[in-house]
Amino acid sequence: MMPHPRVATLSRHADGAAPGPRLAAHLLRCPRCRAAVDEMRALAESARAAPVPLPAPDALERILARRAAGERVLLPADPAPAARPRVARRGVLVAAAVLVLAA
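For clarity, every value in this text was computed on a predicted model and none was experimentally measured. (Residues numbered from 1 in each chain as written. Predicted model: local features only at pLDDT ≥ 70, side-chain atom pairs only at ≥ 80, totals over all residues. Heavy atoms only, no water.)

Okay, the pattern of salt bridges next. Summed over all chains, the structure comprises 3 salt bridges. In this structure, D58 engages R62 in a salt bridge whose closest nitrogen and oxygen atoms are separated by 3.3 Å. With relative accessibility at 47%, the residue R62 sits in the partly exposed group. The shortest N-O distance in the salt bridge between E71 and R66 comes to 2.7 Å. E71 gets classed as partly exposed once you look at its relative accessible area, which sits at 40%. (Salt bridge = Lys/Arg side-chain N within 4 Å of Asp/Glu carboxyl O. Buried < 20%, exposed > 50% of the residue type's maximum accessible area, 1.4 Å probe, protein only.)

Structure follows, in structure tokens:
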């Protein structure tokens, strides 16, 4: 019997990566790992559906004023990103999987 896959492996599968034959076989036999993948997918869907707060109307002016005063302030490269970066989502999924598997 295959030991439980690493959380990162389950996370990649939850993100849409095709499972290898060993992982596929394990998921068929292991309700615990299937539940973990389902939880990761549900969490990712919740994160995608969460509202993105808009910045304060004067945020750009305040940032530019701070930069003009000599303060180092990082500005986003794209003022209106279309989607959250996949890396951030993966970190949330891994954290959630650890909690699910620990429970």
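Turning next to helix α3 (residues 31-49). In this model α3 runs 27 Å from its N-terminal to its C-terminal C-alpha over 19 residues, within 8% of the 27 Å that 1.5 Å per residue would give. Within the span of α3, buried status applies to C33, A36, V37, M40 and A44. Summarising the axial view, the buried residues of α3 lie within an arc of 95°, below the 170-degree limit, and thus occupy one face. Away from its buried face by more than 90 degrees, α3 exposes P31 and A49. (Helix = DSSP H or I, 4+ residues; strand = E, 2+ residues; numbered from the N terminus. Expected span 1.5 Å × (residues − 1). Arc of directions from axis to C-beta.)

Ranked by size, the top nonpolar core spans 11 residues in total: V7, L10, A14, L23, L27, C30, C33, A36, V37, M40 and A97. Sorting the residues of this core by element identifies α1 (7-14), α2 (21-29) and α3 as the ones contributing at least two each. For this core, the element with the most residues is α3, which contributes 4 residues. What V37 contacts, discounting residues up to four positions off in sequence, is L10, H13, A14 and L27. (Core = buried A, V, L, I, M, F, W, Y, C linked by side-chain atoms within 4.5 Å. Contact = heavy atoms within 4.5 Å.)

Of the positions making up α1, those classed as buried are V7, L10, S11, H13 and A14. Each buried residue of α1 sits inside an arc of 160° when the element is viewed along its axis, so together they form one side. Positive backbone phi, at 115°, marks G16, one or two positions downstream of α1.

This next bit is on the environment of L27. If you trace the backbone, L27 turns up in helix α2. Relative accessible area serves as the criterion here: at 10%, L27 is assigned to the buried category. Expressed as a C-alpha distance, the spacing of L27 and V37, which sit 10 residues apart in the sequence, is 9.2 Å. Sequence-distant contacts of L27, that is, excluding residues within four places in its chain, are made with L10, H13, C33, R34 and V37.

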